[in-house]
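Residues per chain, in single letters:
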Amino acid sequence: MISDEGALLGRQAAERLAQLDCCVIEPGLTNAEFARIEHEYGFAFADDHRAFLAAGLPVCEPREDEPGTSYAWERPWPDWRNGEPSELRRHLTWSTDFLLRDIQRGHWPTAWGDRPDSPEAAAERAQSHLAGVPRMVPVYGHRFLPEGRGGFGHPVLSMWGSDIIYYGVDLLDYINQEFEEPRPEHPESRAPQATVPFWRDYL
C-alpha cells in the first residue's frame with residue numbers, strides 16, 4: 001500500500017513525461033513485477049517512484065550517436081522489466097561506486113574528520129559511513145531518488161561522484177527540468193528540501 005500523495009505525484013510525473021513525447025513508454029510495472037524487482041535487487045521504491053513506473057515504464061529509443069560525443073549511459077532509463085541484471089546492478093551502485101573512486105583520488109568531506117593516510121583506508125572509512133545510508137535508485141542516467149516505501153516528494157539528485165546537485169524539487173519538477181525545452185524556472189516558493197541523510201551534506 002502506498003500513500004495517496006505519493007501515488008498522485010508519481011502519476012502526475014508519468015503523465016507529464018508522456019506529454020513531452022521524449023521516449024518510448026511501455027505498459028507500467030505490475031505488482032508482481034515490483035515484488036520480483038525489489039526482492040532481487042534488495043530495495044523498495046519510494047511511493048512516487050513506484051507510482052511513476054506503474055503508470056508506464058519509460059525505455060530508450062535507439063539513437064544515432066553523434067561523432068565526438070561520449071555517453072555515460074547507453075540506456076539511461078533503467079529497464080526494470082527486461083534489462084540485463086548486471087547493468088541494473090551497476091546502475092544501482094553507481095552513486096556509491098563513483099563516490100568511492102573520488103575518495104580514493106583525494107576527495108574527503110570535512111565532516112568526517114581527518115582523512116586516513118592511504119586511499120584504501122580512506123575508501124574503507126567511507127564505506128562505513130555509507131553502510132547505513134538509504135540506497136539511491138536510478139530514475140534516469142545519473143539522476144536518483146532514495147529508496148523507501150512510504151517516502152515521496154524527495155528531490156531528484158544528479159549524482160556524479162562527489163559532485164551532487166538537485167535536479168528537481170520532486171519527481172514531477174525533475175521531468176520538466178530534464179526533458180522540457182527550454183528548461184523552466186524554479187519558482188522561489190518551491191525550494192528543494194534535503195531529505196536523505198549523508199547525501200544532504202553534499203548539497
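Data block above holds the structure.
Residues numbered from 1 in each chain as written. Predicted model: local features only at pLDDT ≥ 70, side-chain atom pairs only at ≥ 80, totals over all residues. Heavy atoms only, no water.

**Student:** Sorry if this is basic, but what is going on with the packing of aromatic side chains here?
**Tutor:** Each pair of aromatic rings is reported with the distance of its centres and the angle of its planes. With the rule as written, the count across this model stands at 15 aromatic pairs. On the numbers, 6.3 Å between centres and 75° between planes, the contact of Y174 with F179 is edge-to-face. One exposure class covers both Y174 and F179, and it is buried. A connected cluster of aromatic rings, assembled from ring pairs, spans F52, W77, Y140, Y167, Y174 and F179. The cationic tip of R50 hangs over the ring face of F34; the distance from NZ or CZ to the ring centre is 4.2 Å. Its end group placed over the ring of Y167, R143 keeps NZ or CZ at 3.7 Å from the ring centre. (Phe/Tyr/Trp six-rings, centres within 6.5 Å; stacked < 30°, edge-to-face > 60°. Buried < 20%, exposed > 50% of the residue type's maximum accessible area, 1.4 Å probe, protein only. Lys NZ or Arg CZ within 6 Å of the ring centre and 35° of its normal.)

**Student:** Would you mind going over the packing of helix α5 (residues 94-104) against helix α6 (residues 119-130) with me for this structure?
**Tutor:** Between two packed helices, the angle of one axis relative to the other and the distance separating the axes together describe the packing. Where α5 contacts α6, the two axes come as close as 8 Å, and the packing angle between them is 145°. In this structure, the crossing between α5 and α6 has a hand that is right-handed. On α6, the residues that touch T96, L99, L100, I103 and Q104 of α5 are P119, A122, A123, A126, Q127 and L130. Residues belonging to the contact of α5 with α6 are distributed by class as follows: eight nonpolar, three polar and no charged. (Axes fitted to C-alpha atoms, helices over the stretch in contact; angles between N-to-C directions. Helix = DSSP H or I, 4+ residues; strand = E, 2+ residues; numbered from the N terminus. Left-handed = near helix turned anticlockwise from the far one by under 90°. Contact = heavy atoms within 4.5 Å. Nonpolar A, V, L, I, M, F, W, Y, C, P; charged D, E, K, R; others polar.)

**Student:** Any chance you could explain unusual backbone geometry here in plain terms?
**Tutor:** Generally, phi is negative for residues other than glycine and the peptide bonds are trans, each holding for most cases. Following E181, the chain continues into P182 via a peptide bond in cis, with omega recorded as -10°. With respect to the helices and strands, the residue P182 is situated in the segment after α7 (171-179). Despite not being glycine, D21 has its phi angle at roughly 50°, a positive value. Relative to the assigned elements, D21 resides in the loop between α1 (4-20) and β1 (24-26).

**Student:** What am I meant to see in the pairing of strand β6 (residues 163-168) here?
**Tutor:** Within a regular beta strand, the side chains point alternately toward one face of the sheet and then the other, so they alternate between its two faces. Bridge count between strand β5 (residues 156-160) and β6: five bridges; the pairing is antiparallel. Bridge pairing links L157 to Y166 in β6. Between β5 and β6, which pair antiparallel one after the other, the connecting turn spans two residues, and G161 there sits at a positive phi close to 65°. (Pairing = 2+ DSSP bridges.)

Read these as geometric descriptors, not functional statements.
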